[in-house]
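So the chains spell out like this:
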Amino acid sequence: MRANAWGVLDLLFKKEKLNMRARNYFISTLKEAPADADVVSQQLCIRSGMIKKLAAGVYNYMPIGLRTIRKIETIIREEMDRAGSLEMLMPVVQPAELWQETGRWQKYGAELLRFKDRHDRDFVIQPTSEEVITDVARQEINSWRQLPLNFYHIQTKFRDERRPRFGLMRGREFTMKDAYSFDRDEEGAGKSYDNMFAAYQRIFQRLGLMFRAVRADTGSIGGSRSHEFQVIADVGEDVIVYCPESDYAANIELAEAFSVIDERLAAKEAMEKVATPGQEKCEDVANFLKFDVTRMMKTVVLAAEQFDEKGAPLPARLVVILLRADHELNEVKAGHLPELKEGFRFATDAEIEAAFGSKPGYLGPVGIAGDIKVYADRTAAMMSDFCCGANEEGFHLTGVNFERDLPTPDVVDLRNVVEGDKSPDGKGTLRLQRGIEVGHVFFLGTQYSEALKATYLDENGKPQILQMGCYGIGVTRLVGAAIEQCHDDRGIVWPDAIAPFEVVICPMNYAKSEAVREEADKLYETLKAQGVDVILDDRDMRPGVMFADWELIGVPHRVVIGDRGLKTGEVEYVCRREMDNKVMVQKDEIAQFLVDRIER
């Protein structure tokens, strides 16, 4: 059945290719992008006619855009099939009961779009499918003989983003490929994870994108092992940490930060309270006192909500974090502290003043009450003779030392790494670059299978909990990420594998010149016969306008056919990546010339 279905789709695609002439196609380019287009990829998607906005974070995918999406999906399908994953399709609408069984009905938050049907039953528009696939597994997997299994689908998702932006990279409705593996034990689950990791490497290599696979936090999905696949781009929302001297790479949220101070020096100064009127920021205090900012201790207060047995709110539990002033708090790492695992926020000014008797700008760790938990980052814990707030407006303390002036708090890695930090693998120093997350693989373990009681019978007939993994790729997000990486001032510069068309033929005076028309039609038919995804621009328009359209759309290879060139038996070839390097090719050799240059 599946082979027949794909055969039909293949025939439809071939039929479509027979009519790839611009006059009969829908090309709708714009000179300017809408004012609310935030980033280059959004601007170029709209200007090239790939997408049309319907509502905030919701888009129509126009014919040119859909061609690229389908090519991405084809590569994903081929590699998932090659890896042994089985395609299925799970519904967009999911019953609330499954989400309530796992506890994510409450935990997922406002991004989960909930609604009721006419019978007053609760449903969600799926943002992901862990619950549904685990429900399938608990009904269908009975014996160890059925394992391992891996299912995937490519389906519409919806996350009710508070502020959708960046076009296809952070929309509310999007297309995603998610896959789920089921194994007998952790060893088998680890092999499934490695198999999917390798499949993802092949997928992104075939897409023609520069990417990094980095270690990552498991986030709201959960689990114990996780890698993100990041497309390298200057506007990426994520910061990637890597070591040029080794293969270490991680999201900054997960990258371990060691102390930049080898040992704590003995105290040399007496603690002294000094006036610092109007100086509330660490950098301002350092300038005022003529200190290096690395001598300043930053005090951050986080708050975890608390409730009584009846669910009524109690005063928030406060946790103090100490950081060297030039370092930034890593909120993901802070979220792993025992007091903050259920969620946290930054404490309000009112909460800080009530608890410490000080405005936030003058807050410091000396004299903090024993019932408030204090943590110090590794570097902060090694500081000596440091300066911090005096817990009194207009004053700071200098010459502060642990043990003598305040107890040494619990020491935890709590900061973001910076360039030049030691690599966690000990093989060099770290560098930073920006990336866009387009794929994520997780080892889930039994998080969902245990909650939903998904078991199988082992060789001894005893029930065992299934071990799971999940693996996602943002299909439509990849379109935006690819454009962010591959563009210039003329428009998009697609990799061959995912360009809406591989080749565009641009005949000059197609309607008026019989010689041009015959040569253009001949090349068009020849390329089609060789499997090249080609479009012939038979529109009646000026060359400059025609070229600008295809440069904006980003077709990788362009052939220009004109009477002047045909007099010497030549046509002009231009590669979209090398616009200044125009090449004249013999008209009888151009078809093979193009086939040799298309990267497949």
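Keep in mind the model is a prediction, meaning the values are calculated, not measured.

Caption draft 1: Representation of the overall build of the protein. Scanning the protein from terminus to terminus reveals 17 helices and 31 strands. Reported as C-alpha extents along the three principal axes, the dimensions of the protein are approximately 95 × 70 × 50 Å. The buried share among the 600 residues of the protein stands at 52%. Sequence-distant contacts in the protein: of pairs separated by 6 or more residues, those separated by 24 or more amount to 71%. Roughly 28300 Å² of accessible area belongs to the protein as shown, and the carbon and sulfur atoms make up 49% of that amount. Each charge class in the protein was averaged separately, 79 positive and 98 negative side chains, and the resulting centres sit 4 Å apart.

Caption draft 2: Representation of the packing of aromatic side chains. A complete count under the given rule lists 14 aromatic pairs for this structure. Taking 6.2 Å as the distance between ring centres and 75° as the angle between the ring planes, the aromatic pair formed by tyrosine 200 and phenylalanine 204 counts as edge-to-face. Highlighted residues: tyrosine 200 and phenylalanine 204, both in helix H7 (residues 186-207), separated by 4 residues, approximately one helical turn. Neither tyrosine 200 nor phenylalanine 204 differs from the other in exposure class; each is buried. Ring geometry for phenylalanine 386 against phenylalanine 402: centres 5.3 Å apart, planes inclined by 50°, an arrangement best described as tilted. Separated by 16 residues along the polypeptide, phenylalanine 386 in strand E18 (residues 386-389) and phenylalanine 402 in the loop between strand E19 (395-400) and strand E20 (410-412) bring together distant segments of the chain. Looking at phenylalanine 386, the relative accessible area reads 0%, which means it is buried. Pairwise contacts between aromatic rings join Phe197, Tyr200, Phe204, Phe211 and Phe229 into one cluster. Above the plane of the ring of phenylalanine 291 lies arginine 295, whose end atom (NZ or CZ) is 4.1 Å from the centre. Stacked on the ring of phenylalanine 547, the Lys or Arg arginine 558 has its end atom at 4.1 Å from the ring centre.

Caption draft 3: Summary view of helix H3 (residues 63-82). The terminal C-alpha atoms of H3 lie 28 Å apart, and with 20 residues this matches the ideal 28 Å at 1.5 Å per residue to within 8%. Immediately beyond the C-terminal end of H3, within one or two residues, lies glycine 84, with a positive phi of roughly 90°.

Caption draft 4: Region of the structure containing the nonpolar core. Membership of the largest hydrophobic core comes to 90 residues, with the highest contact counts inside it found for Ile505 and Trp550. Looking at this core element by element, the count peaks at 8 residues for H7. Apart from residues lying up to four places away in sequence, tryptophan 550 is in contact with Ala22, Ile27, Phe501, Val504, Cys506, Ile535, Asp537, Arg539 and Val555. Leu318, Leu322, Phe386 and Val400 belong to the second-largest nonpolar core, a separate cluster that totals 26 residues.

Caption draft 5: A look at the pairing of strand E11 (residues 238-242). Judged by how many residues are buried, E11 sits mostly within the fold: 5 of 5 residues are covered. Of the two faces of E11, the one carrying Asp238, Ile240 and Tyr242 and the one carrying Val239 and Val241 are both buried. Looking at chain direction, E11 and strand E21 (residues 431-445) are connected through 5 bridges and run antiparallel. Pairing of valine 241 across the sheet is with leucine 432, part of E21. Between E11 and the antiparallel strand that follows it, strand E12 (residues 249-251), lie 6 residues.

Caption draft 6: Main features of unusual backbone geometry. Cis peptide bonds are those with omega within 30 degrees of zero, and the linkage from leucine 147 to proline 148 qualifies with 0°. Mapping proline 148 onto the fold places it in the loop between helix H6 (130-140) and strand E7 (149-158). Even without being a glycine, phenylalanine 166 presents a positive backbone phi close to 65°. Mapped onto the elements, phenylalanine 166 comes out in the loop between E7 and strand E8 (173-183). Looking at phenylalanine 166, the relative accessible area reads 18%, which means it is buried. Backbone geometry at glutamate 403 places phi at a positive 75°, although glycine is not the residue there. With respect to the helices and strands, the residue glutamate 403 is situated in the loop between E19 and E20.

Caption draft 7: Structural view of the sheet that holds E18. The 3 strands are arranged E13-E19-E18 in an open sheet whose pairing can be described as antiparallel. This sheet does not close on itself; its edge strands, each paired only once, are strand E13 (272-275) and E18. On average, adjacent strands in this sheet sit at an angle of 30° to one another, irrespective of strand direction.

Rules used throughout
Residues numbered from 1 in each chain as written. Predicted model: local features only at pLDDT ≥ 70, side-chain atom pairs only at ≥ 80, totals over all residues. Heavy atoms only, no water. Helix = DSSP H or I, 4+ residues; strand = E, 2+ residues; numbered from the N terminus. Buried < 20%, exposed > 50% of the residue type's maximum accessible area, 1.4 Å probe, protein only. Contact = heavy atoms within 4.5 Å. Areas by Shrake-Rupley, 256 points an atom, 1.4 Å probe, with all protein chains shown as cover. Lys, Arg positive; Asp, Glu negative; His and termini not counted. Charge placed at Lys NZ, Arg CZ, Asp CG, Glu CD. Phe/Tyr/Trp six-rings, centres within 6.5 Å; stacked < 30°, edge-to-face > 60°. Lys NZ or Arg CZ within 6 Å of the ring centre and 35° of its normal. Expected span 1.5 Å × (residues − 1). Core = buried A, V, L, I, M, F, W, Y, C linked by side-chain atoms within 4.5 Å. Pairing = 2+ DSSP bridges. Axes fitted to C-alpha atoms, helices over the stretch in contact; angles between N-to-C directions.

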